[in-house]
Amino acid sequence: MNNYKNFITYFKRSDSIASTGLGLLATGGILLLLGWWFFWLLFYIAVVMIPIGLVIYIYGTSGSADENSLNKIIKENYDAITFSDIKEMPEYRRRMLKKATEEALGGYVFGDNVLMKRAKSSAIVSTEYVCAKMLILEDALLIRSRSFSFIADERHESELEIPLSSIEKIEIERESQTYQVGKKELVVKTCFIVISHEGSQTRLPRKDDIYADELILTLNRLLKKA
C-alpha cells in the first residue's frame, strides 16, 4: 500500500537536512573524544552538538519515503503488467515470433506539473512514473502501459496494438531540458522510443543505454519484413 504522505514529504523535504544532522553527529563524536582526552571545552561543545545533530537527523529522515521506496512501487507496477492472458489465445500464439520477445519500457515523467528532486543516487526522480511493456508480434506491436502517481491515488492503464503495416517510422529521441526546482536548476536527460503511425506518434520513455539503440534496430528490421 502506498503511503502518499511519506512520498509527499520525500519530494518536498531536502535530503541535505539529514546529511547536516549526520555531519553534526560525526563532528560531535570527534570533539567528544578530543575533549575527553585533551581539552574540556571541546567536550562541552560536543555535548551540545550531538543532541542537536540527532534531532536534525531524525527530523530529516522520519515520516519520509526514500529512493528504495520509489523503486519498490515501480517494480510492483511493472510486475502487474503481463501478457500471460493473450499468450494462451490461439489467435495471438500463431502471431508470435519463434522466440517470444517482450521489452520493458518506462520512466519518470518530467514537467511543470510534477515535483522533482535529485535522489541520493544522483538520479533525478519525480512524483509520476510510466511503466510499459511491449510484446513484439510478427505483424504488430502490442503495448500495455500503466501511469501512476507516488503522491496521489491516480493510475491509468492502457493497451495499444499497432500493426507493423501502419508504422511509418520508429526512432529514438534523446532530449535534455532544464527545470527550476526551488533555487536549483535540474538538467533532465530523457530517452523516448517514438513510433510514428497513421499520422500520430506513440512516445514511450526508456532507459538510455546501448540496448535502446539495439531495440530500434530490431524493430526496424521487422518493419522491412512486414
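As shown above, the structure is provided for reference.
In this convention, every chain numbers its residues from 1, walking through the sequence in written order. A pLDDT threshold of at least 70 governs which residues receive local features in this predicted model, and a stricter bar of 80 or more applies before side-chain atom pairs are shown or counted, although totals over entire chains, interfaces and linings include all residues. Hydrogens are left out, water is left out, and the side-chain values use all remaining heavy atoms of the structure.

(A) How the structure looks around the overall build of the chain. Counting from the N terminus, the helices are DSSP H or I runs at least four residues long and the strands are E runs at least two residues long. Looking only at helices and strands, the chain features six helices and nine strands. Across the chain, every contact between residues at least 6 apart in sequence was considered, and the portion connecting residues at least 24 apart equals 59%. Total accessible area on the chain is roughly 13,800 Å²; 56% of this is exposed by carbon and sulfur atoms. Residue contacts are defined here by distance: any two heavy atoms, one from each residue, within 4.5 Å place the two residues in contact. Computed with a 1.4 Å probe, the accessible areas rest on the Shrake-Rupley method; for each residue, only the protein chains presented here act as cover.

(B) Focus on the pattern of salt bridges. Only one rule defines a salt bridge in this text: a Lys or Arg side-chain nitrogen within 4 Å of an Asp or Glu carboxyl oxygen. Throughout the structure, instances matching the rule amount to twelve salt bridges. Between Glu159 and Arg144 there is a salt bridge, and its shortest N-O distance comes to 2.7 Å. Taken as a pair, Glu159 in strand β6 (residues 155-163) and Arg144 in strand β5 (residues 140-149) lie far apart in primary sequence, 15 residues in all. Owing to a relative accessible area of 48%, Glu159 belongs among the partly exposed residues under this scheme. Owing to a relative accessible area of 13%, Arg144 belongs among the buried residues under this scheme. Think of it in three bands: residues with accessible area under 20% of the maximum for their type are buried, residues over 50% are exposed, and the middle band is partly exposed, with areas taken using a 1.4 Å probe on protein chains only.

(C) A look at the packing of aromatic side chains. Two aromatic rings from Phe, Tyr or Trp, using only the six-membered ring of Trp, form a pair when their centres are within 6.5 Å; if the ring planes differ by under 30 degrees the pair is stacked, by over 60 it is edge-to-face, and anything between is tilted. A complete count under the given rule lists seven aromatic pairs for this structure. Seen from their ring centres, Tyr108 and Phe150 are 6.3 Å apart, and the 35° between their planes marks the pair as tilted. Here Phe150 lies in the loop between β5 and β6 and Tyr108 lies in strand β1 (residues 96-108), a separation of 42 residues in the sequence. On the accessibility criterion, Tyr108 (18% relative accessible area) is buried. Overall, the relative accessible area of 0% leaves Phe150 in the buried class. These aromatic residues form a ring-pair network of at least three members: Phe7, Tyr78, Tyr108, Tyr129, Phe148 and Phe150. We call a charge positioned above a ring when the Lys NZ or Arg CZ atom is no farther than 6 Å from the ring centre and deviates by at most 35 degrees from the ring normal. Sitting above the plane of the Tyr10 ring, Lys117 keeps its charged end 4.0 Å from the centroid. The aromatic ring of Phe192 is capped on one face by Arg203, whose charged end is 4.4 Å from the ring centroid.

(D) Quick peek at helix α4 (residues 67-80). Under the 1.5 Å per step criterion, the end-to-end length of α4 is 20 Å for 14 residues, consistent within 8% with the ideal 20 Å. By the N-cap criterion, in which a side-chain oxygen at the helix start approaches the backbone nitrogen of a residue two or three places on, α4 is capped by Asp66, the distance to Asn68 being 3.2 Å. One less than the number of residues in a helix, times 1.5 Å, gives the span that helix is expected to have. In protein, a polar contact means a hydrogen-donor-capable atom and an acceptor-capable atom, both N or O and within 3.5 Å, with residues adjacent in sequence counting only if both atoms are side-chain atoms; elsewhere, any N or O pair within 3.5 Å suffices.

(E) Seen up close, the pairing of β5. With nine of ten residues buried, β5 is to be regarded as a mostly interior element. A pair of strands counts as paired when DSSP detects no fewer than two bridges linking them. Pairing geometry for strand β4 (residues 128-137) and β5, over nine bridges, is antiparallel. Paired with Cys131 across the bridge in β5 is Arg146. The turn linking β4 back onto β5 is made up of two residues. Sheet topology note: the β5/β6 ladder contains nine bridges and is antiparallel.

(F) Inspection of the sheet that holds strand β8 (residues 184-197) at higher detail. Sheet architecture is open: three strands sit in the order β7-β8-β9, paired in antiparallel fashion. Edge positions in the open sheet fall to β7 (167-181) and β9 (200-205), since each of these has one partner strand only. Taking each pair of neighbouring strands and ignoring which way they run, the sheet shows an average axis angle of 30°. Of the strand pairs in this sheet, β8 and β9 are connected by six bridges, and their pairing is antiparallel. If you follow Ile195 over to β9, its bridge partner there is Thr202. In this analysis an axis means a line fitted to C-alpha atoms, helices contributing only their contacting stretch, and an angle means the value between N-to-C directions, from 0 to 180 degrees.

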